[in-house]
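Summary of structural features
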Amino acid sequence: MKRLLLVHTGGTLMMGQSTESGALSPDAYKRDLLAELPVLKQLAEIETTFLFKLDSADMQPEHWIELGRKVHDNLSRYDGFVIVHGTDTMGYTASALAFLLSGLDRSVVLTGAQKPLNAIRTDARTNLVDACHVATLGIPEVGVVFNSRFFRGCRVTKLDAWSMNAFGSPSCPPLAELGLGVQVEKHVLAARSHAPYDDRLEPRVLAVRTFPGLDPKLLIGALGSGVRGVVLEGFGAGNVPRLQRSLIPVIEHARGLDVPVVIVSQCPRGAVDLSAYEGGVAAHGAGAISAYDMTTEAALTKLMIALGRAPEARIQAAQDAFSHAWAGEVSLPSGVG
Ligand code: ASP
């Protein structure tokens, strides 16, 4: 039988209702999952450990690093890993782990639920059983199992706060589908040998959504307060305003401070193309870096890690990082990378 380590970090899956506020709260998170779902023991030999007990809105980069270390330290002791996590920031944690655990030859599977395990219409049971099953398959990726699909972790985003189909990876087909059997797709990454754990990360990164009326003075002010990198969510193909309230001087100002500005698209699907419109051309001319079809979650976490590893040459570090994929997080146009 395969050996799995199941790491609890919190989230709705095991939450209960707070007696004070009536809201779902991680404080009621203290049950023995294997006792509640003994069927899991038929899938693998599972050990559980409680690392955190958080609503994932309270997850921080320090938690990603600790979680990554927990997995990394145990890589040779288990055949796979399941991480129970809240859905709200699961895409960020999954992206960060995909980059922190760059040498993987086994699965690290995050899962959670829209409704707690003790709710009558819970999705927790299926998601957990599916996650444990997928984790035994040896797919060498960090991914998210949700609603019968296994997504690449650094491509996933929470798209739905209501239905059981909470996640999607609009620019990358699922790695596997769970139906009567499990269909694993061909684009899973090849296994890579374990690498030393590098936990350097720069959290002073800002993600900003471009919108009509965004005052560039606010961004200049933010740059003056110690921002080390910016992820700018441009419109459509990465377009930004260049006439009234132009953001181009902001990008130029950032360049003068050696602060990289990485552009993602606000659209969940499709890629940045800084040659498509004048606003993109001007942004590129001012030094902006394209993240192509990366999610904001992946761009942000990759930028944090790239800057943490090269604090002295930030723009160069970001240009290098975004010129090639680290963990399948981007589809580069031909001729790039
Ligand atoms: N607020 C919860 C969390 O992210 C939502 C969930 O788990 O679905 O921890």
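See the structure shown above.
I will try to describe carefully the structure that is included in this document. Predicted, not measured: the structure shown is a model, and the values here were computed from it.

**A word on the pairing of strand E13 (residues 205–209)**
With five bridges joining them, E13 and strand E14 (residues 229–234) adopt parallel strand pairing. Bridge pairing links Arg-209 to Glu-233 in E14. A crossover links E13 with its parallel partner E14, the connecting element being helix H5 (residues 216–224), and its sense is right-handed.

**Thoughts on the site of the ligand**
Taken together, the residues surrounding the ligand are Gly-11, Thr-12, Met-15, Asp-55, Ser-56, Gly-86, Thr-87, Asp-88, Ala-113 and Gln-114. Between the ligand and Asp-55, the relevant distance is 3.0 Å, taken from a nitrogen atom to a side-chain nitrogen or oxygen of the residue. At 3.1 Å from an oxygen atom of the ligand is found a main-chain nitrogen or oxygen belonging to Ala-113. Look at the ligand: alone it shows 270 Å² of surface, and the protein chains cover 90% of it. Across the shell around the ligand, the residue classes break down as two nonpolar, six polar and two charged.

**Some remarks on helix H8 (residues 296–309)**
Between its terminal C-alpha atoms H8 stretches 20 Å, which fits the 20 Å expected from 14 residues at 1.5 Å a residue. Counting buried positions along H8 yields 13 of 14 residues, so the element is predominantly enclosed.

**Here's the deal with the sheet that holds E13**
With respect to topology, four strands assemble into an open sheet ordered E13-E14-E15-E16, the strand pairing being parallel. Here the strands that pair on one side only, and so sit at the sheet edges, are E13 and strand E16 (289–290). As judged from the five bridges shared by E14 and strand E15 (residues 261–265), these two strands associate in the parallel manner. Across the sheet, the residue bridging to Glu-233 is Val-264, located in E15.

**Some points on the sheet that holds strand E8 (residues 149–152)**
Here eight strands make up an open sheet; going across it, the order is E4-E1-E5-E6-E7-E8-E11-E12 and the pairing mixed. Sheet topology places strand E4 (45–54) and strand E12 (182–184) at the edges, where each strand pairs with a single neighbour. Strand-to-strand twist across the sheet, computed as the mean angle between neighbouring axes with direction ignored, equals 20°. Taken strand by strand, helix H3 (residues 90–100) contacts strand E5 (80–84), strand E6 (107–111) and strand E7 (142–146), and its axis lies near 150° from that of E7.

**A closer look at the environment of Thr-136**
Locating Thr-136 in the fold gives a position in the loop between helix H4 (124–135) and E7. The buried category is assigned to Thr-136, whose relative accessible area is 11%. Residues Thr-136 and Glu-66 lie 70 residues apart in sequence; the distance between their C-alpha atoms is 23 Å.

**Concerning the packing of helix H6 (residues 248–256) against helix H7 (residues 278–285)**
The geometry of H6 relative to H7 is characterised by a closest axis approach of 9 Å and an angle of 15° between their N-to-C directions. Classified by the interaxial angle, the pair formed by H6 and H7 is roughly parallel. The way H6 lies across H7 gives a crossing that is right-handed. Residue-level contacts link Ile-248, Ile-251 and Arg-255 of H6 to Gly-279, Ala-282, Ala-283 and Gly-285 of H7. Looking at side-chain class alone, the contact of H6 with H7 contains four nonpolar, two polar and one charged residues.

**Notes on a nonpolar patch on the surface**
A contiguous nonpolar patch, built from Leu-137, Val-182 and Val-184 and spanning about 190 Å² of accessible area, is present on the exposed surface. Assignment of secondary structure puts Val-182 in strand E12. Accessibility expressed as a relative area gives 31% for Val-182, which makes it partly exposed.

The rules behind each value
- Residues numbered from 1 in each chain as written.
- Predicted model: local features only at pLDDT ≥ 70, side-chain atom pairs only at ≥ 80, totals over all residues.
- Heavy atoms only, no water.
- Pairing = 2+ DSSP bridges.
- Helix = DSSP H or I, 4+ residues; strand = E, 2+ residues; numbered from the N terminus.
- Right-handed = clockwise from strand over helix to strand, strands pointing away.
- Near = heavy atom within 4 Å.
- Polar contact = N/O pair within 3.5 Å; in protein donor to acceptor, adjacent residues only side chain to side chain.
- Areas by Shrake-Rupley, 256 points an atom, 1.4 Å probe, with all protein chains shown as cover.
- Nonpolar A, V, L, I, M, F, W, Y, C, P; charged D, E, K, R; others polar.
- Expected span 1.5 Å × (residues − 1).
- Buried < 20%, exposed > 50% of the residue type's maximum accessible area, 1.4 Å probe, protein only.
- Axes fitted to C-alpha atoms, helices over the stretch in contact; angles between N-to-C directions.
- Contact = heavy atoms within 4.5 Å.
- Parallel < 35°, antiparallel > 145°, perpendicular 65-115°, else oblique.
- Left-handed = near helix turned anticlockwise from the far one by under 90°.
- Patch = residues over 30% accessible without salt bridge, like charges linked within 9 Å, V, L, I, M, F, W, Y side chains within 5 Å.
- Salt bridge = Lys/Arg side-chain N within 4 Å of Asp/Glu carboxyl O.

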